[in-house]
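Each chain is listed here by its residues.
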Amino acid sequence: MTRSEPALDTSPRISDEVRKTTCYMCACRCGIDVHLKDGRVTYIEGNRDHPVNRGVLCAKGSAGIMQHTSPARLRKPLRRVGPRGSGEFEEISWDEALETAVSWLKPLREQAPETLAFFTGRDQSQSLTSWWAQQFGTPNYAAHGGFCSVNMAAAGICTMGGAFWEFGQPDWERTKLFVLFGVAEDHDSNPIKMGIGRLKDRGARVVGVNPIRTGYNAVADDWIGITPGTDGLLILSLIHELLRAGRIDLDYLARWTNAPVLVNADPRSHEQGLFLRDEDGKPLVLDRRTGKPAPFDAAGVRPDLAGTWRRAGITHRPVMHLIAERYLDPAYAPEAVADRCGVPAGRIRALAAELARVAFDEAEELPFPWEDFRGERHASVTMRPVSFHAMRGISAHSNGFQTARALHLLQILLGTVERPGGFRFKPPYPKPPEAHPRPHARCEAGQPLGGPHLGFPLGPEDLALDDDGRPQRIDKAFTWENPLSAHGLMHMVIPNAHAGDPYRIDTLFMYMANMAWNSSMNTRGVIEMLTDTDEAGDYVIPRIIYSDAYASEMVAYADLILPDTTYLERHDCISLLDRPISEADAAADAIRWPVVAPDRDVRGFQSVLLDLGARLGLPGFVDESGAPKYADYADYIVNHERRPGVGPLAGWRTGERGLVHGRGAPNGGQIDTYKAGGGFFLAEIPEEARYMRPWSRAYQDWAVAMGFYDAPQPYLFQLYSEPLRRFQRAAEGVGERQPPEHLRERIKATLTPLPVWYPPFTDGHADPVEYPLHALTQRPMAMYHSWGSQNAWLRQIHGINPLYMHPELMARHGLRDGDWARVTSATGEITVPVAAMAALNPATVWTWNAIGKRKGAWALDRDAPEATKGFLLNHLIHELLPERGDGLRWANSDPVTGQAAWFDLRVKIEKSKPPDEALPLFDPVFVRGAP
């Protein structure tokens, strides 16, 4: 007897339409194919034609469908009706919400625009949000980078005109040795995974330098479990060994860097440490042909790295002298730094030798004709197959800026930047610091700001200080406390606003910045600041407007909520004016577009911002009749021009004879063309312009044609930073603009023109005997800040997070997996579950970031594991360093850029009885009044 089996459809159709757009589940901005069935999202996969991911998609990207349908989505504008933090709101219409916002903001613009503080979090449209704030006239604008990676960005631009990740990438096809410093597994996730795969296919070696061996470090051929905060010291020791062995690229240094530039070396001169310049202000080098100084870019000049020049009784020495003198010091020898770094001297020597061997012994001359900015033709370019990548692990320390500069110095000494096999810039980079604007902060009632908020000061004259030396910005960016704070100090906005230092604000306007939870240091303290009232019972921070797509912890502390869409329901512009998706061989940008319509009464924040700008009558947001200039963000993307011919999108613009790329007039069909092309635009760099780009005439001309800048601007890599020396000179008493007395010694010690290492500031504020352990967080590959905890698929991977500890440390404290420990810092304490991990620096404990959630937030059940066992290290961190007896409270930030020093945290641990839930406990927070 035959048994019948049911007919099964093993390959059901999952969609009747596929729409291509850009992922938003992390900052990689991969291309995705969104499958729809009956108008609903059913599946998301990678776009195989996209330049970023070539079809690869991580767990986050695939799980975007859950993000899009999350029950935590806000559904309508809300107005607070109960106390802040109660979560009591009433639903209102969009007209009422926007009229309320205008009624708050219009008087500020007309009377005191600085009393608006507008700060955005994971905003990928900063060219719009910054322009809105500029037209409003407030000096108080910045975004997420100030507590994420500004050390990396600023150090890279100041040293070589670009940095890691969005600014450049390794030459994956030719690199033979790839070294990662402080890179967690979510950073540039898909491109790095793909790149490492290609490296391993070719037999290249990968070395990971990180206290924690997860992710990329877990698949590295060699792992160096360094002590947190000592990366810069290790790098300078590598430089010491390379100099001692003579294994540096002297020709590269002489031609393309300021190593031969002459520096005033007279300690009695007020110009000591500044470059010798000609009448036009160009730095001078000693020309080997004539034995006399000449401009660095003169035709036929052969810069000399060795000779000195004496003029008017003053000796001028090349930068190369100063480099050799500084780093050949025995203080940088491997034996001298080994204990501090936690890396044996032999391993330091071995790494230095391997870097030198691969860079020089495996070099090749590749046939690649090109012309340099001095007019000299070259028949080939040298391949140096060593590349580096670094990210927040070395950036989020109080010595992070100088550590990143040290890494760039190492790259350049090896001659690996802009050469095959090494680090290559991604358009619109490279750009020297001089090509970026100076910061603008002087405001006038009713008027736009004089220029962009953010930029690169070249000396004390560019600081954001008023005539009396007071900070002009609420976060104190671009002041003597942190002169090169190119991304602002978002972590200091709420504390400074609460303290009224340097002045009081009226309205805090934030977008997608979860400052009431995982995006703030000192979480409980910030919550208290948001809810604190004065003697009259009024909130110290009078008004808070917040926009988010989800019911995050921050929503409960706002007065007015402007609900955003999900990333599948709105237009976005991943622009060459902001954070493009370029590759080393091509300029590229991309869009998002509404692949589905919202089923709620929500609007994309960028369109809301344009509406607000029009209602406020901001210049550029209304036409001559006062009518709105842009219907919505899509209209802005197509028709806005930052400069004539240069708009948010570079592809398919209108030229005299048809469509053009780069510079061109607006094209009404531009977005439709992007959609038809997979959601992105890509323009390959001409063959002759693909290497040596800071010095290549072909690249400079192409960059001008594309609109990256208006005239060719070749430049030298700045191994020695004259702008830093200008700040240092001021601290020494030279010049009209002087720092306050209590900052002079710190400026002299930390704003050094050559990279320096100094211990993280916490080492001098938290007793290392009492707090012997370093404590770090890093994001898992399947999570991106808070957003993943509402995602049912991702929660199965990371629903809780233990504190990982080395087995020897566990044994000393009598701990086993699943036990609980009390973790204490100089600021606070937490009680959390622990787990053993052997591949970990022995003096370090760590956990995943942003897993822990506050009960009631994100539409999670109040007994969800994220709220009962999940936790944050943020409760142990403070935006200010502990008191040290000098009457001052110092910011927990890098003294150069102001980046938050998240990874300087020191703690102690002790075994604890298991509590019912992870401590500290917070009352549940709900958003009532919305479905």
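What counts and how
- Residues numbered from 1 in each chain as written.
- Predicted model: local features only at pLDDT ≥ 70, side-chain atom pairs only at ≥ 80, totals over all residues.
- Heavy atoms only, no water.
- Helix = DSSP H or I, 4+ residues; strand = E, 2+ residues; numbered from the N terminus.
- Rg over C-alpha atoms; globule rule 2.2 N^0.38 Å.
- Buried < 20%, exposed > 50% of the residue type's maximum accessible area, 1.4 Å probe, protein only.
- Contact = heavy atoms within 4.5 Å.
- Areas by Shrake-Rupley, 256 points an atom, 1.4 Å probe, with all protein chains shown as cover.
- Lys, Arg positive; Asp, Glu negative; His and termini not counted.
- Charge placed at Lys NZ, Arg CZ, Asp CG, Glu CD.
- Core = buried A, V, L, I, M, F, W, Y, C linked by side-chain atoms within 4.5 Å.
- Pairing = 2+ DSSP bridges.
- Right-handed = clockwise from strand over helix to strand, strands pointing away.
- Axes fitted to C-alpha atoms, helices over the stretch in contact; angles between N-to-C directions.
- Phe/Tyr/Trp six-rings, centres within 6.5 Å; stacked < 30°, edge-to-face > 60°.
- Salt bridge = Lys/Arg side-chain N within 4 Å of Asp/Glu carboxyl O.
- Parallel < 35°, antiparallel > 145°, perpendicular 65-115°, else oblique.
- Nonpolar A, V, L, I, M, F, W, Y, C, P; charged D, E, K, R; others polar.
- Polar contact = N/O pair within 3.5 Å; in protein donor to acceptor, adjacent residues only side chain to side chain.

Enquirer: Explain the overall build of the protein chain to me, please; I cannot follow it from the model alone.
Expert: Counting its regular elements, the protein chain contains 26 helices and 34 strands. Relative to the globule expectation of 30 Å for 931 residues, the C-alpha radius of gyration of the protein chain, 27 Å, shows essentially globular dimensions. By principal-axis analysis of the C-alpha atoms, the protein chain measures approximately 85 × 85 × 75 Å. Taken over 931 residues, the protein chain has a buried fraction of 65%. Long-range pairs, those at least 24 residues apart, make up 70% of the contacts in the protein chain with a sequence separation of at least 6. For the protein chain, the exposed surface amounts to about 32,200 Å²; the carbon and sulfur share of it is 49%. Positive and negative side-chain charges of the protein chain, numbering 102 and 116 respectively, have mean locations separated by a distance of 3 Å.

Enquirer: How should I be thinking about the nonpolar core in this particular structure?
Expert: The tendency in soluble globular proteins is for nonpolar side chains to be buried as a group. Judged by nonpolar contacts, the single largest core of 109 residues is most densely connected at F181, L355, F388 and L410. Once residues within four sequence positions are removed from consideration, F388 is found in contact with F164, P170, F178, V179, F181, L355, L407, L410, Q411, L414 and F423. If you look at the next biggest cluster of nonpolar residues, it comprises 99 residues, including I44, V183, L609 and L612.

Enquirer: Just checking my understanding: could you explain the pairing of strand β10 (residues 205–209) for this structure?
Expert: Each regular strand shows side chains that alternate between the opposite faces of the sheet. By the criterion of burial, β10 is predominantly enclosed, with 4 of the 5 residues buried. As judged from the 5 bridges shared by strand β9 (residues 177–181) and β10, these two strands associate in the parallel manner. In the strand pairing of β10, L177 is matched with R205. The handedness of the β9 to β10 crossover, carried by helix α6 (residues 189–201), is right-handed. Judged from the 3 bridges that link them, β10 and strand β11 (residues 222–224) form a sheet pairing that is parallel.

Enquirer: I keep staring at the sheet that holds strand β6 (residues 116–120) and nothing clicks. Help me out?
Expert: Paired through their backbone hydrogen bonds, the strands of a sheet run either parallel or antiparallel. In spatial order, the strands read β5-β4-β23-β22-β21-β6-β7; together these 7 strands make up an open sheet with mixed pairing. Of all strands in the sheet, those bounded by a partner on one side alone are β5 (89–91) and β7 (141–142). Of the strands in this sheet, β4 (78–80), β6, β21 (507–511), β22 (543–548) and β23 (560–563) touch helix α3 (residues 94–111), which is tilted by about 125° from β23. Running over the sheet, helix α17 (residues 605–615) touches β6, β21, β22 and β23 and is turned about 145° from β21.

Enquirer: Where do I start with the sheet that holds strand β25 (residues 586–592) in this structure?
Expert: Taken in spatial order, the 3 strands line up as β24-β25-β28 in an open sheet, and their pairing is antiparallel. Here the strands that pair on one side only, and so sit at the sheet edges, are β24 (572–574) and β28 (680–684). Each strand of the sheet is rotated relative to its neighbour by a mean of 10°, with strand direction disregarded.

Enquirer: Would you mind going over the packing of aromatic side chains with me for this structure?
Expert: The relative placement of two aromatic rings is captured by the distance of their centres and the angle of their planes. Under the counting rule described, the total for this entry stands at 40 aromatic pairs. Note on W256 and W370: the rings are 5.7 Å apart at their centroids and 45° apart in plane angle, and the pair reads as tilted. Residue W256 is located in helix α9 (residues 250–256), and its partner W370 is located in strand β17 (residues 364–371); the two are separated by 114 residues in the primary sequence. Overall, the relative accessible area of 2% leaves W256 in the buried class.

Enquirer: Hey, could you run me through the pattern of salt bridges in this one?
Expert: Charged atoms that come close allow side chains of opposite charge to pair. A complete count under the given rule lists 68 salt bridges for this structure. For R198, the salt bridge is made with E173, and the minimal N-O distance between the two is 2.7 Å. Separated by 25 residues along the polypeptide, R198 in helix α6 and E173 in the loop between β8 (168–170) and β9 bring together distant segments of the chain. Take R198: its relative accessible area is 29%, and that puts it in the partly exposed class. The partner of E883 in a salt bridge is R889, with the nearest N and O atoms 4.0 Å apart. Note on E883: relative accessible area 62%, which makes it exposed. Here the salt bridges share partners, and the residues they tie into one network are R73, E569, D599 and R600.

Enquirer: How should I be thinking about the packing of α3 against helix α4 (residues 126–136) in this particular structure?
Expert: Packed helix pairs are characterised by how far apart their axes lie and by the angle those axes make with each other. Running from amino to carboxyl end, α3 crosses α4 at an angle of 55°, the nearest separation of the two axes being 10 Å. Here α4 runs oblique to α3, going by the angle between their axes. Across the interface between the two elements, L105, L108 and R109 from α3 touch W132, Q135 and F136 from α4. Looking at the contact of α3 with α4 residue by residue, the class counts come to 4 nonpolar, 1 polar and 1 charged.

Enquirer: How should I be thinking about the side chain of D589 in this particular structure?
Expert: Tracing the sequence through the fold places D589 in strand β25. For the buried D589, which has no salt bridge, the nearest side chain bearing the opposite charge is R653, at an N-O separation of 7.7 Å. At a separation of 2.9 Å, a polar atom in the side chain of D589 contacts the main-chain amide nitrogen of A650. At 2.6 Å, the side chain of D589 forms a polar contact with the side chain of Y674. Each residue touching D589, except ones within four places of it in the same chain, is listed here: I574, S575, L576, I581, P648, L649, A650, G651, Y674, F680 and F681.

By themselves, these observations are geometric and do not establish any function.
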